[in-house]
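# A closer look at the structure
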Amino acid sequence: MAYKYIFGPVMSGRLGRSLGLDLLGGRICSMDCVYCEVGATRDLTCERKPYVPAADIIEELARWKEEGLNDPDMVTLGGLGEPCLNSEMGLVIIEARKLFPNTPVAVLTNASLMTDPEVRRELALADVVLPSLDSLVPDEFAKVNRPCKGISPAAVADGLLAFRKEFKGKIFLEILLAEGINDSDENLGRLKDFCKRLAPDRVDVVTLTRPGTVKGVRPVDGAVLSRWRLALESGDTPAATRQASDGKAMSTERTPAAVAASLSRRPQTVAQLAQALNADPEKVRQAVEALEKRGEIISRDDQGEIFYHGTGHVIEY
């Protein structure tokens, strides 16, 4: 049986082989970031509700475990939108811990809802929280993240600082730079001061490596990226990853559905898919070709590599 809300594992430099849980079931988010790798936001909202019931997610996660595949390095709440919008996020974390008691739970978030004490309480149940904060300059923040009305970078920063005081786990802060949008010296200075106050366990400064949602949005060049990294990056080394071959390989029958689910959330190459899913590369290639032929995914050449992604990954013109 195919999975609707479980996808991957996918390879992550910070989290290793990460098994994804999609808490939204669609592109529902409090931001519509110009670089988002899952596609343009379809429902821009700050309303919390059980978009996907926790029971449905946990039922799928239990089935995934019963298949007897090798455990992931991390169970990660993320998917097609902002996981903190799901009002049953805390229950998902609690139940995931019961199913995988030896596997850390992580949450990917844009940090926009950390102004809510209840959201912070639920996030504090996780082992690792990976918030993003791309700019503390208001007009840059608006251009790069395109948030719901009422979300300001100052409020997001205050929410993160409050969370730091309440959270016993690790915070991995990510800052993504887009050329000419949020790579200003003013932003660098403000974020440098903020990072000193937040004291995250890790800071990662990155730029676009996959197609975004708006045509013409470009990565910063190597010199800019290096300067920012020198000023801001710190903390833990990337999560150690087990070799995907150290366990039961994914069955031929499961491979096509797993490939489709993974590509609907994150653009990847055939090689990346095969490694993360612990699947036969030839079977993955065949699945990708069949999905492309049916029009369920599309390909794009990005710096000499062919990435595949779901057709929902829309580029705005």
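Below is a short write-up of the structure. Predicted model, so just to flag it, every value in this text is computed and none were measured.

We now examine the overall build of the protein. Along its length, the protein carries ten helices and twelve strands. In the protein, buried positions account for 55% of the 317 residues. In the protein, the share of contacts with a sequence separation of at least 24, taken over all contacts with a separation of at least 6, comes to 77%. If you sum the accessible surface of the protein, you get close to 13,700 Å²; carbon and sulfur atoms cover 51% of it.

A word on empty space enclosed by the protein. On inspection of all chains with the given rule, the structure shows two cavities of 30 Å³ or more. As a volume, the second largest cavity reaches approximately 30 Å³. In this structure, the second largest cavity is lined by M31, N110, S132, L133, D134, F141, N145 and V156. Along the lines of polarity and charge, the residues of the lining of the second largest cavity split into four nonpolar, three polar and one charged.

Core analysis: the largest hydrophobic core is formed by 72 residues, its most contacted members being L21, L61, L77, L123, F194, W228 and L232. For L61, the residues in contact, after removing those within four places along its chain, are I6, L19, L21, A96, L99 and F100. V259, L263, L277 and I297 belong to the second-largest nonpolar core, a separate cluster that totals 13 residues.

Turning our eyes to something else, we now look at the environment of K215. Mapped onto the secondary structure, K215 falls in the loop between strand 9 (202–207) and helix 7 (222–232). K215 sits 180 residues away from Y35 along the chain, and the two C-alpha atoms are 9.7 Å apart.

Reading the values: the criteria
Residues numbered from 1 in each chain as written. Predicted model: local features only at pLDDT ≥ 70, side-chain atom pairs only at ≥ 80, totals over all residues. Heavy atoms only, no water. Helix = DSSP H or I, 4+ residues; strand = E, 2+ residues; numbered from the N terminus. Buried < 20%, exposed > 50% of the residue type's maximum accessible area, 1.4 Å probe, protein only. Contact = heavy atoms within 4.5 Å. Areas by Shrake-Rupley, 256 points an atom, 1.4 Å probe, with all protein chains shown as cover. 1 Å grid on protein atoms, 1.4 Å probe; cavity = no way out; pocket = protein on both sides within 12 Å on 5 of 7 lines; lining within 4 Å. Points joined across faces, edges and corners; volume = space filled by probe spheres on them. Nonpolar A, V, L, I, M, F, W, Y, C, P; charged D, E, K, R; others polar. Core = buried A, V, L, I, M, F, W, Y, C linked by side-chain atoms within 4.5 Å.

The values reported here are purely geometric and, on their own, carry no functional implication.
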